[in-house]
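Results of the structural survey
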Amino acid sequence: MKLIYIAIILSLTLTIVPVSAQDFTGTNIPLPEHPRPDFERKEWINLNGEWRFRFDAQNVGVKQDWFQNGLQQTQDILVPYSWGSPLSDVENKADIAWYERAIKVPADWVDQRAFFVIGASDWRTSVWFDGHKLGEHQGGYTPFEFELTPHLKRGEAQRLVIRVDDTPHSFKLEGKQGYGEAKGIWQTPYLEARGDAPLKTIHYSSDIENNTVSVTAYLHEPAPENLNLRLAFQTGDVDTVSQQIAKGAEEVTFEVPIADPHLWTLDDPFLYEVEATIEGQGIDADQVDTYFGMRSISVVNLPGTDYPYIALNGEPVYLQLALDQDYHPDGFYTFPTDEFIRDEVSRAKQIGLNGLRVHIKVPIPRKLYWADRLGMLIMADVPNSWGEPDPRMFREHEFAMRQMIARDYNHPSIFSWIVFNETWGLKTDPGGEKLYLSETQKRVVRAYKIAKTLDSTRLVEDNSTCCGYGHTMTDINSWHKYLAGYEVAPHLNNVVNKSHPGSSFNFEEGYRQGNQPLINSEFGNVCGYDGSTGDVDWTWDYHILINEFRKRPEIAGWLYTQLTDVINEWNGYWRFDRSDKETGLDELVDGMSLQDLHAPLYVIVGDKMSEAVRGGAKVSVPLWASFLTGSRAYGDELILDSKLYGWDTLGRKKTYQQMSQRIPYRPWMTGELDPLAVRMPNGSGLAILWTELKTPAGNVLHRNFTTFVVEGDAPRETQLANGEPVRIVRTDPADFSDAKWSQKQWNVLDGRKANGAGSGFFEYTIPWPTDVDSGDVEAATYIVEASSKQLFGKDSDKVVAIEGEWMRGEGTFDPSLNRNAYPMTDETLFPSAVTISINDTVADQVQLADDSADHRGILSWHNQLQDQYLREAGSYGQLVSVAIPPVALEAAEDTGELVIRLEVDEALPGGLAIYGKDFGRYPLDPTVVFALKP
């Protein structure tokens, strides 16, 4: 199969290139690639681009024969973007609209049948061709087609008119279209030339145990005479195969031997590309490029255990997935370029994930194609309705499910179908009660059985469970749970203890667990706190959760919510525009990234993400190995290097201890290792114990760490690195003598942090220490942890309510309105500049780069109250050290005090936050260090 990728870049402010009725070359159009790489005919014409468009708010277009007379008073829309999406260049003003454009079927298609195909259009779509109604389609997610042949004037321009009715109905499958409504055409429309007896679809079912693939070919209509199906393999060492199709038959099934099959794996996603041709006496041939992967999906026990795992080619796979809402801020359901689609999959793979769950929408085929090509597993959801479970909803649902399985059957990346999600659309509401009735459960079982009948090669899940509702009949025992990090361990223990064959836990009444793999299918801290989190550093709780999952091999995998932010959920690995978020991991441990938290060989360090210990204490740090791979490439043992380092109460970074030990290795090994014996530094401070798992040759396989808040006496006198004696004076961040801010001033957690927003100042008056003679002071330094301070919505004196149905994309679009929010560090900086004056003498002007929150804010996370609320969790500043001018010291001799003023000018009103020893990144209060003469 020859695949050509042509990409155009659409900026956020889209410039539309006009497409005339004579421009049929498919060059200056969005998404010019063939939309179905798995089912592609060579002769086709892409109809993306500018169409004439008109709203029909009063629903008069049919009565007034718009399909016959042509559209008047039109505007242009860029197809295939939903109307209302920014990339369409059309505002959403009605639920019904019409499209029109001229098309030209080439004259050299004279011996072929011509079809018009729409990849997807939401919701009820009617099509006219030169005034002839071709038909209509109901359903918003899967392709449909109409034959143009009887009405063709080949080589001449003809008129194509489309009406789309997206009027709300309670039974419609809308998923999360509150993130952006997919109204109208949202997947590529195109013309296609086919032979006289065209293929409708062809399904490949691989059997790697018997080295065969079962092929079922479906015709568009009964064979007009005896036909021949020829499969010419373009990749793989397989000879061309022919199979007869009897006259009158609509399908045929046969097996093809695949000697020494090249398996599709995550590391080597090999695809067998096949040119399928239907031929016959006097029949113009129909040819389609297709592909499939030789792979199997099954359930096996984790070696050495009785824990069922999902397996690829008979090998257990520890699932590390992300929930993929599959949305774009400007295209909604539709992405701007094929490169963008490819990068969605590539990014997930690069951070170590092995799968995505495309959430309650049918993914576009090109996304599945890139998952096939790059080696990424896919859980595929059937979209849901938001009404009650009446017969209309089940008909709509079954149609969509049948169509998506038929369309996507050949994608090796898909390993499971999820029939329903969280019982959305399944609850009956008599008198305000939301009940999952037994008769509804039976309909769910029926849907599960239909899916299994349609596709016996994959796993099927009845309902991805949450919120007290359970499974009925299912191949996967999954559950959702959003928790704060401190709540995770007891919950996971409860799940593991109650999950076993015959248990009723996580199942509806009358249904029991079998031997299904136990997986988490949604987690995160986004809803783990009261009222959710808004935008917050997710890495801290995420780190805890991954550690806890890896301690429990009974749980066969997890699924984080989510891959990217959406309009009212800000817990993605990336922002909605796909810009980066900063985790801070690499500044805590050299070279560490999210890949380390997703490594197949994993060592959990410690029982907690942070722990309070006494200075000088000897601590036994538990270690746990989670080697969830069958690889034998590492020999019999590995090296674990460890280092204890941290900061003292003056913000000085020190290394306290380094160790190295050998640990055993065997495939699929899980369990406790010998603990690390670590001596904590004396006094107070913050210590980080980090580990590197290496091969004997020194290749780093995994990094991890835990942190300790070291509690001891903070010395009044100590020595600097050069041995000089010093006298230290500290003050609390909130113990300022004066402050004035243009927007607001407030303190956090009993003064652990002081905030000033806008322009203004903090002023601290520090008495000269009575035990220090001014003549003994050689120099002095002021040290403080500080950041800029943005005034977030939750901190404004103007109260703004958060309203709307959250799960449908409604409510606030401002993450900072949530009381728990503290936006995570990203590429957008919020700088400030602070002038530090001491006794009216300017000591320095310091640039504060940002108002940050990520994994580096260890003390801010450690000191959070465990009461379901967050208070600027993860926030931290930068270490500022300023020499106090001699003239300021001289002035202090006269007044007996140092007056330290930190001021932000109104020219750059970026605010100021002052951190104390129990908040931020460094274990120090605002401090003056007097260097004494020897």
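Residues numbered from 1 in each chain as written. Predicted model: local features only at pLDDT ≥ 70, side-chain atom pairs only at ≥ 80, totals over all residues. Heavy atoms only, no water.

**A few points about the pattern of salt bridges**
Spelled out, the test is: Salt bridges are defined by distance alone: a side-chain nitrogen of Lys or Arg within 4 Å of a carboxyl oxygen of Asp or Glu. What counts as a helix is a DSSP run of H or I of at least four residues, what counts as a strand is a run of E of at least two, and both are numbered from the N terminus. Per-residue accessibility, obtained with a 1.4 Å probe over protein chains only, is compared with the maximum for each type, and a residue is labelled buried under 20%, exposed over 50%, and partly exposed between these values.
A full pass over the atoms with the stated rule returns 63 salt bridges. With a closest N to O distance of 2.4 Å, R373 and E273 form a salt bridge. Placement of R373 in helix α3 (residues 365–374) and of E273 in strand β17 (residues 272–280) is noted, with a sequence separation of 100 residues between them. When its relative accessible area of 26% is taken as the criterion, R373 is described as partly exposed. In this structure E273 comes out as buried when scored by relative accessible area, which is 7%. Ionic pairing is found between K753 and E872, a salt bridge with its closest N-O pair at 2.7 Å.

**A short note on the sheet that holds strand β35 (residues 670–679)**
Sheets are built from strands paired through backbone hydrogen bonds, the pairs being either parallel or antiparallel. Keep this limit in mind: Criterion used throughout: strands pair if DSSP finds at least two bridges between them. Angles shown run from 0 to 180 degrees and are taken between the N-to-C directions of axes, each axis being a line fitted to C-alpha atoms and, for helices, limited to the stretch in contact. Contacts: residue pairs with any heavy atoms within 4.5 Å of one another.
Overall, antiparallel pairing links the three strands, which are arranged β30-β32-β35 in an open sheet. The sheet terminates laterally at β30 (601–605) and β35, the two strands that pair on one side only. Within this sheet the neighbouring strands show an average axis-to-axis angle of 25°, counted without direction. One ladder, built from five bridges, connects β30 with strand β32 (residues 618–627); its direction is antiparallel. Across the sheet, the residue bridging to Y602 is S626, located in β32. The sheet strands contacting helix α7 (residues 539–550) are β30 and β32, and the helix crosses β30 at an angle near 110°.

**Quick look at the sheet that holds strand β12 (residues 199–207)**
Ordered by their spatial adjacency, three strands build an open sheet running β12-β13-β16, and the pairing between neighbours is antiparallel. The outermost strands of the open sheet, each flanked by one partner alone, are β12 and β16 (251–257). Within the sheet, the average angular offset between the axes of one strand and its neighbour, ignoring direction, is 20°. Pairing of β12 with strand β13 (residues 212–219), which is carried by eight bridges, proceeds in the antiparallel orientation. Considered in β13, the bridge of T201 is made with Y218.

**Details of the packing of helix α2 (residues 338–350) against α3**
Note the cut-off: When describing relative orientation, an angle under 35 degrees is termed roughly parallel and one over 145 degrees roughly antiparallel, while 65 to 115 degrees is termed roughly perpendicular and anything else oblique. Helix crossings fall into two classes, left-handed where the near helix is turned counterclockwise from the far one by less than a right angle and right-handed where it is turned clockwise. The residue classification treats Ala, Val, Leu, Ile, Met, Phe, Trp, Tyr, Cys and Pro as nonpolar and Asp, Glu, Lys and Arg as charged. All others, Gly included, are polar.
Packing of α2 against α3 brings their axes to within 9 Å, and their N-to-C directions diverge by 45°. When the interaxial angle is binned, α2 and α3 end up oblique. As for how α2 packs across α3, the hand of that crossing is right-handed. Counted together, D338, I341, R342, E344, V345, S346 and K349 of α2 and R366, K367, W370, A371 and L374 of α3 form the full contact between these two elements. Taken together, the residues of the contact of α2 with α3 sort by class into five nonpolar, one polar and six charged.

**A few points about the nonpolar core**
Formally: By nonpolar core is meant a set of buried Ala, Val, Leu, Ile, Met, Phe, Trp, Tyr and Cys residues that side-chain atoms within 4.5 Å join together.
Of all hydrophobic cores here, the largest spans 132 residues; its most connected members are Y542, F549, W558, Y573 and F705. Every residue in contact with Y542, bar those within four places of it in the chain, is listed here: F523, W558, Y560, Y573, L594, L597 and H598.

**A word on unusual backbone geometry**
Look at the link from V79 to P80: it is a cis peptide, with omega at 20°. Here the residue pair T561 and Q562 is connected by a cis peptide bond, since its omega of 20° sits within 30 degrees of zero. Structurally, the position occupied by Q562 is in the loop between β29 (557–560) and α8 (585–588). A positive phi is found at Q73, a non-glycine position, where the angle reads about 50°. Among the structural elements, Q73 can be located in the loop between α1 (66–69) and β4 (75–79). Taking relative accessible area as the criterion, Q73 reaches 71% and is therefore assigned exposed.

**Some thoughts on the environment of L870**
Mapped onto the elements of the fold, L870 is located in the loop between α10 (858–862) and β48 (875–876). On the basis of relative accessible area, L870 is assigned to the buried category, the value being 3%. Distance in space between the C-alpha atoms of L870 and G155 is 67 Å, their sequence separation being 715 residues. Look past the residues within four positions of L870 in its chain and what remains in contact with it is Y529, T533, V536, R819, N820, W861 and Q864.

**As for the confidence of the model for the protein chain**
We count it as follows: Confidence scores here are pLDDT values: one per residue, from the predictor, ranging 0 to 100.
Averaged over every residue, the pLDDT of the protein chain is 93; the share at 70 or more is 95%. Within the model, pLDDT remains below 50 along residues 1–26, and this stretch shows 52 contacts once partners closer than five positions in the same chain are excluded.

**Considering empty space enclosed by the protein**
Note the threshold: Within this scheme a cavity is a closed region of a 1 Å grid, computed over the protein atoms alone, that accommodates a 1.4 Å probe without allowing it to escape, whereas a pocket is open but has protein on both sides within 12 Å along at least five of seven lines; lining residues each have an atom within 4 Å of a point. Grid points are joined across faces, edges and corners, and a volume is the space filled by probe spheres set on the points.
All told, the structure shown has seven cavities of 30 Å³ or more when counted by the stated rule. In this structure, the largest cavity encloses a volume near 130 Å³. In this structure, the largest cavity is lined by L31, E33, P35, P80, W186, Q187, T188, T334, I341, I364, P365 and R366. Looking at the lining of the largest cavity, the elements that each hand over two or more residues are β11 (184–194) and α3. Top contributing element to the lining of the largest cavity by residue count: β11, with three residues. Of the residues belonging to the lining of the largest cavity, the class tally is seven nonpolar, three polar and two charged. In this structure, the second largest cavity is lined by F394, H397, E398, M401, R443, R446, A447 and I450. Mapped by element, the contributors of at least two residues to the lining of the second largest cavity are α4 (391–408) and α5 (438–454). Considered class by class, the residues forming the lining of the second largest cavity number four nonpolar, one polar and three charged.

**What about the state of the cysteines?**
Quick note on the threshold: What counts as a disulfide here is a pair of cysteine sulfur atoms lying within 2.5 Å.
All chains considered together, the criterion is met by one disulfide. Here C466 connects covalently by a disulfide to C467, the sulfurs 2.5 Å from one another. Across the S-S bond linking C466 and C467, the dihedral sits near 50°, which makes this disulfide right-handed. For C467, a relative accessible area of 60% gives the class exposed.

**Here we look at helix α6 (residues 488–498)**
Under the convention used in this document: Throughout, the arc means that of the directions going from the helix axis to the C-beta atoms.
Buried within α6 are the following residues: V488, H491, L492, V495 and V496. With its buried residues spanning 130° around the axis, α6 presents them on a single face. Opposite the packed face of α6, turned more than 90 degrees from it, sit the exposed residues P490 and N497.

**Some remarks on the packing of α4 against α5**
Running from N to C, α4 and α5 cross one another at 20°; their axes reach a closest spacing of 10 Å. With respect to α5, the axis of α4 lies roughly parallel. The two elements α4 and α5 cross, and the hand of that crossing is right-handed. Where α4 approaches α5, its residues F394, H397, E398, M401, R402 and I405 are matched on the opposing element by T440, R443, R446, A447, I450, A451 and L454.

**Remarks on the side chain of R54**
Selection rule: By the counting scheme adopted, Arg and Lys are positive, Glu and Asp are negative, and His together with the chain ends is not counted. Here a polar contact is recorded for every N or O atom pair within 3.5 Å, except that within protein the pair must consist of a potential hydrogen donor and a potential acceptor, and residues adjacent in sequence are included only if both atoms are side-chain atoms.
Considering the arrangement of structural elements, one finds R54 in strand β3 (residues 49–55). The charged side chain of R54 is buried without a salt bridge, its nearest counter-charge being D56 at 6.9 Å. At a separation of 3.3 Å, a polar atom in the side chain of R54 contacts the main-chain carbonyl oxygen of Q72. Contacts of R54, omitting those with residues within four sequence positions, involve W66, Q72, Q73, T74, A97 and W98.

**Points about the environment of F576**
Mapped onto the secondary structure, F576 falls in the loop between β29 and α8. Given the relative accessible area of 11%, F576 is considered buried. Residues F576 and V300, 276 residues apart in the sequence, show an inter-C-alpha distance of 37 Å. Dropping the residues within four chain positions of it, F576 is found in contact with Y327, H328, P329, D565, V566 and I567.

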